[in-house]
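Below, each chain spelled out in residue letters.
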Amino acid sequence: MLGVVLESSAYSNIPCPLFYQSLTQYGSSMSREQLVVERARRAFQTGMSKPLKFRVHQLKNLHRFITERRKDIADAVKKDLNKTEHSTELFETLGLEGEIDVAVERLAEWAAPRPVEKSLLTILDEVYIQPEPLGVVLIIGAWNYPWAVTLQPLVAAIAAGNAAVVKPSEVSSHSAKVMEELLPLYLDKELYPVVCGGVSETQELLRQRFDHIFYTGNSTVGKLVMEAAARHLTPVTLELGGKSPCYIDKDVDLRVACRRITWGKFVNCGQTCIAPDYILCEPSIQDRVVEEIRKCITEFYTDDPKTFEDYGRIINQRHFQRVMSLLEGSTVAIGGDSDQSQCYIAPTVLKDVTGGSKVMQEEIFGPLLPIVTVSGVDEAIQFINEREKPLALYVFSPDNKVKTIEVKSKVIAETSSGALVANDCLVHFTVSALPFGGVGNSGIGRYHSQHGFDQLSHLRACLIKKLNLEDANAMRYPPHTAKKLDHSTGQINRP
Ligand code: NAD
C-alpha cells in the first residue's frame, strides 16, 4: 500500500518500501544515511507526526530529556568547550526549555487556519492560510552551542508536524555522542533520528532528498549545503555567521557599555555567532574603552582567566591555530597570551586596528576584540556598509538625548543586519518573539517561536467556494466582451 503511494508520489525516485525491505533483508547497497532518511519519510507518510496531540507529546518528551539528562548534557559540554554546568544551563538548556514551553502553549494557535482579508470577489467564500508540515527536514548543527543550535530547530520541526533527521556537529563530539545515545530514548526513533558523523556522512545526507534543510555553521559550507539542496529544489534555512560590528558613541556611559560588550565577547571564549566581532569608536575614547574592558575582564574572569573555571577553551587545535594567526600584525592592548596544550587564549583586546588588518578579514570566532577607530557615526556606517551584512549589529549611545536618537536611528536607517541591538549584546537571542536569523552573507531564513514554526511549515493558500451563486455571465467566461469589462456602470461582475 505504502509502496504504491511512494511509486506514484513525487518521491518515485526513492525505492518503494517493499523493495527497500527486501534490500535490507538480503544485504543492501543503500548507505546508512539513505536508510535513515527513507525510514523517516515512511514514518512521516503514515501521518503520525501531524496530530497536535502527538506533536505536544513529543515536545514534552524533549523537555523531559533536557531536565532528566541535564547532567549528561553539562558533562558533555564541559568536555567539549570547558563550560561549567551553570553556564551550560544559562546558554544552552534554559533557552531550549523556554522555546519548548512557548511551542506547547501556542501550538494550537500557530497551527490553526489564519483567515485573511477578503476582496469583494471572495466576500462569500472562505479564504485562509493553513500551515501544513513540509515533510522530512534535515537539521545540521554547529559545535559552539551544540545543544541550543541543534535542538532549537528540532523544536520548530516537531511543532510544525515534520519528521526531522538530526545531524549534530562532529566537532563537539561528546555532545554529539550523548545526543545520539540518549535522545532516541525520549523521541520517536523513526521520525526524529540522530545521525552522527563527519563531513562525508553529512555529504551523504545532503545527497538525499529532503523537504527542507536547516543548516547552522559557516558561510563556506552554507554554500555547499545550498548547492546540494538545489539539486532537489529543497528550500533551506542557513544560520550563518560573519563579523558583527559594535559601534560605541563617545558620549555613552563607557562603564556600562564595556561591561556588556566584555560579557558578550568573551562568553564561550568568543565562540558565539552573535558575539561583537570588533569595536568601532572615535580615537578620543579608545584608551578609555581599553581600560574599562580591562577592569571587566578582571572582574569576570580574575587576573588569571586560565585557571578560572568559568572561562572557556577554543574547541580544537585547528581553531586555536586559526585564531592565533589572526593576531599577526596587530597591537595587543590586553591579553595576548595562550597555551596551545589547553587550547587556551586569554581575553585579548587589540587597538589601532585597521580595516586591512588580518584580524579584520574573517569572522574571529575567538576571544580577540579589535578596536578600529573612526571619525564618528558616519564613518562607522560607511565601514559597516563596505562589508558583508552582519548577523548582529550593536550600537551603544546615551539614553534620553536628542543626539542619541539620531545615532541609533541613523544606524538603523542606513545599515542592514540580521538583528540590531542598542546598548546591549546577544540578548535579542532570548526574545523568542523576535525572528533570529541573518541577511545576505549572514544567512537565509529565521527561527525561534512562531518564526521557526512558520519557517518549517508550508503556508498553504486556501480558497473554499460554494457551488451555488453561479453567474453564467461572469466576466471570466467567454465571450470576453467590452460590456462585461465595462466598469462605467459601477457594477463588477464576479469572475
Ligand atoms: P562545524 O564545523 O560544526 O560545521 C557545521 C556542520 O557542517 C557540521 O555538522 C559538519 O558536519 C558540517 N560540515 C562541515 N564541513 C562540511 C562539508 N564540507 N560538507 C558538508 N557538511 C559539512 O561548524 P562551523 O562551521 O565551524 O561553525 C561555526 C560557524 O557557524 C561560525 O561562522 C558561526 O558564526 C556560525 N554559527 C551560526 C549560528 C547562527 O545561529 N547563525 C550559530 C552557531 C554558529
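Please read all numbers here as calculations on a predicted model, not as lab measurements.

Before going further, it helps to spend a moment on the overall build of the protein chain. Within the protein chain, the secondary structure is distributed over 17 helices and 17 strands. Taken over the C-alpha atoms alone, the protein chain extends approximately 80 × 75 × 35 Å along its principal axes. A total of 495 residues make up the protein chain; the buried ones form 52% of that total. Across the protein chain, every contact between residues at least 6 apart in sequence was considered, and the portion connecting residues at least 24 apart equals 72%. The protein chain carries 54 positive and 60 negative side-chain charges, and their two centres are separated by 4 Å.

Our next topic: the UniProt feature "active site" (unreviewed entry) in the protein chain. UniProt tags Glu239 and Cys273 as "active site" (unreviewed entry). Look at the named residues: they lie 35 residues apart in sequence, but the longest C-alpha span between them is just 9.2 Å, so in the fold they bunch up. Lining the largest cavity, from this annotated set, are Cys273. Along the chain, glutamate 239 turns up in strand β6 (residues 236–239). By the element assignment, cysteine 273 lies in the loop between α11 (254–266) and β8 (276–281). The contacts of cysteine 273, once residues within four sequence positions are left out, are Asn144, Ser244, Glu363, Phe365, Leu391 and Phe436.

What follows deals with the packing of helix α4 (residues 52–68) against helix α6 (residues 85–111). α6 packs onto α4 with a crossing angle of 170 degrees between their chain directions and a minimal axis gap of 10 Å. In terms of their interaxial angle, α4 and α6 are classed as roughly antiparallel. Contact with α4, carried on its side by Leu52, Arg55, Val56, Leu59, Lys60, Leu62, His63, Ile66 and Thr67, involves Thr93, Leu96, Glu97, Ile100, Asp101, Ala103, Val104, Leu107, Ala108 and Ala111 of α6 and no other residues of that element. Within the contact of α4 with α6, the residues separate by chemical class into 12 nonpolar, 3 polar and 4 charged.

What follows covers unusual backbone geometry. For the peptide bond that leads from proline 478 to proline 479, omega is -5 degrees, which places it in the cis range. One non-glycine residue, asparagine 268, adopts positive backbone phi at about 55 degrees. Among the structural elements, asparagine 268 can be located in the loop between α11 and β8. You can call asparagine 268 buried: its relative accessible area is 7%. Its identity as a non-glycine residue notwithstanding, leucine 426 has a phi of 65 degrees, on the positive side. Here leucine 426 shows up in the loop between β15 (419–422) and β16 (443–444). The buried category is assigned to leucine 426, whose relative accessible area is 6%.

Moving on: the side chain of serine 417. Here serine 417 lies in the loop between α15 (402–414) and β15. Here serine 417 falls in the buried class, since its relative accessible area comes to 18%. One polar contact links the side chain of serine 417 to the main-chain carbonyl oxygen of alanine 419, over a distance of 2.8 Å. If near-sequence neighbours (up to four positions away) are discounted, serine 417 is found in contact with Pro390, Leu391, Ala392, Leu393 and Val439.

Moving on, we come to the side chain of arginine 41. Mapped onto the elements of the fold, arginine 41 is located in helix α3 (residues 32–45). Accessibility expressed as a relative area gives 3% for arginine 41, which makes it buried. Here aspartate 211 takes part through its side chain, which lies 3.1 Å from a polar atom of the side chain of arginine 41.

On to the packing of aromatic side chains. Applying the stated rule across the entire model yields 13 aromatic pairs. Measuring from centroid to centroid gives 5.4 Å for phenylalanine 65 and tyrosine 186, while their planes differ by 65 degrees, and the two rings are edge-to-face. Here phenylalanine 65 is found in helix α4, whereas its partner tyrosine 186 is found in the loop between α8 (173–182) and α9 (199–207), with 121 residues between them in sequence. A relative accessible area of 0% places phenylalanine 65 in the buried class.

Taken in spatial order, the 7 strands make up an open sheet running β9-β12-β13-β8-β7-β14-β15, and their pairing is mixed. The open sheet has two free edges, formed respectively by β9 (331–334) and β15, since each of these has just one partner strand. Put simply, the sheet's adjacent strands are angled 25 degrees from each other on average, direction ignored. Sheet topology places strand β7 (residues 244–248) next to strand β14 (residues 392–396); 3 bridges connect them, and they run parallel. Bridge pairing in β14 places cysteine 246 opposite tyrosine 394. Sheet contacts for helix α14 (residues 377–385): β7, β8, β13 (368–373) and β14; angle to β8, the most-contacted strand, approximately 145 degrees.

Once that is clear, we can look at the environment of isoleucine 315. Tracing the backbone shows isoleucine 315 in the loop between α12 (283–301) and α13 (317–325). With a relative accessible area of 11%, isoleucine 315 lands in the buried category. Along the backbone, isoleucine 315 and leucine 94 are 221 residues apart, and their C-alpha atoms lie at a distance of 22 Å. Not counting the four nearest positions on each side in its chain, isoleucine 315 is found in contact with Asp80, Leu81, Trp143, Val171, Ser172 and Gln271.

Further remarks concern the nonpolar core. Counting residues in each nonpolar core, the largest one holds 128 residues, and the members touching the most others are Leu62, Phe65, Leu154, Val165, Ile248 and Ile293. In terms of residue count, the dominant contributor to this core is helix α7 (residues 148–159) (9 residues). Here this core gathers at least three residues from each of two domains, domain 1 (49–239) and domain 2 (244–437). In this structure leucine 154 touches Leu62, Ile139, Ala164, Val166, Leu183, Leu187 and Tyr192, once residues within four positions along its chain are discounted.

About the thresholds
Residues numbered from 1 in each chain as written. Predicted model: local features only at pLDDT ≥ 70, side-chain atom pairs only at ≥ 80, totals over all residues. Heavy atoms only, no water. Helix = DSSP H or I, 4+ residues; strand = E, 2+ residues; numbered from the N terminus. Buried < 20%, exposed > 50% of the residue type's maximum accessible area, 1.4 Å probe, protein only. Contact = heavy atoms within 4.5 Å. Lys, Arg positive; Asp, Glu negative; His and termini not counted. Charge placed at Lys NZ, Arg CZ, Asp CG, Glu CD. UniProt positions renumbered as here; feature names shortened; annotations may be inferred. 1 Å grid on protein atoms, 1.4 Å probe; cavity = no way out; pocket = protein on both sides within 12 Å on 5 of 7 lines; lining within 4 Å. Axes fitted to C-alpha atoms, helices over the stretch in contact; angles between N-to-C directions. Parallel < 35°, antiparallel > 145°, perpendicular 65-115°, else oblique. Nonpolar A, V, L, I, M, F, W, Y, C, P; charged D, E, K, R; others polar. Polar contact = N/O pair within 3.5 Å; in protein donor to acceptor, adjacent residues only side chain to side chain. Phe/Tyr/Trp six-rings, centres within 6.5 Å; stacked < 30°, edge-to-face > 60°. Pairing = 2+ DSSP bridges. Core = buried A, V, L, I, M, F, W, Y, C linked by side-chain atoms within 4.5 Å. Domains from an automatic or database assignment.

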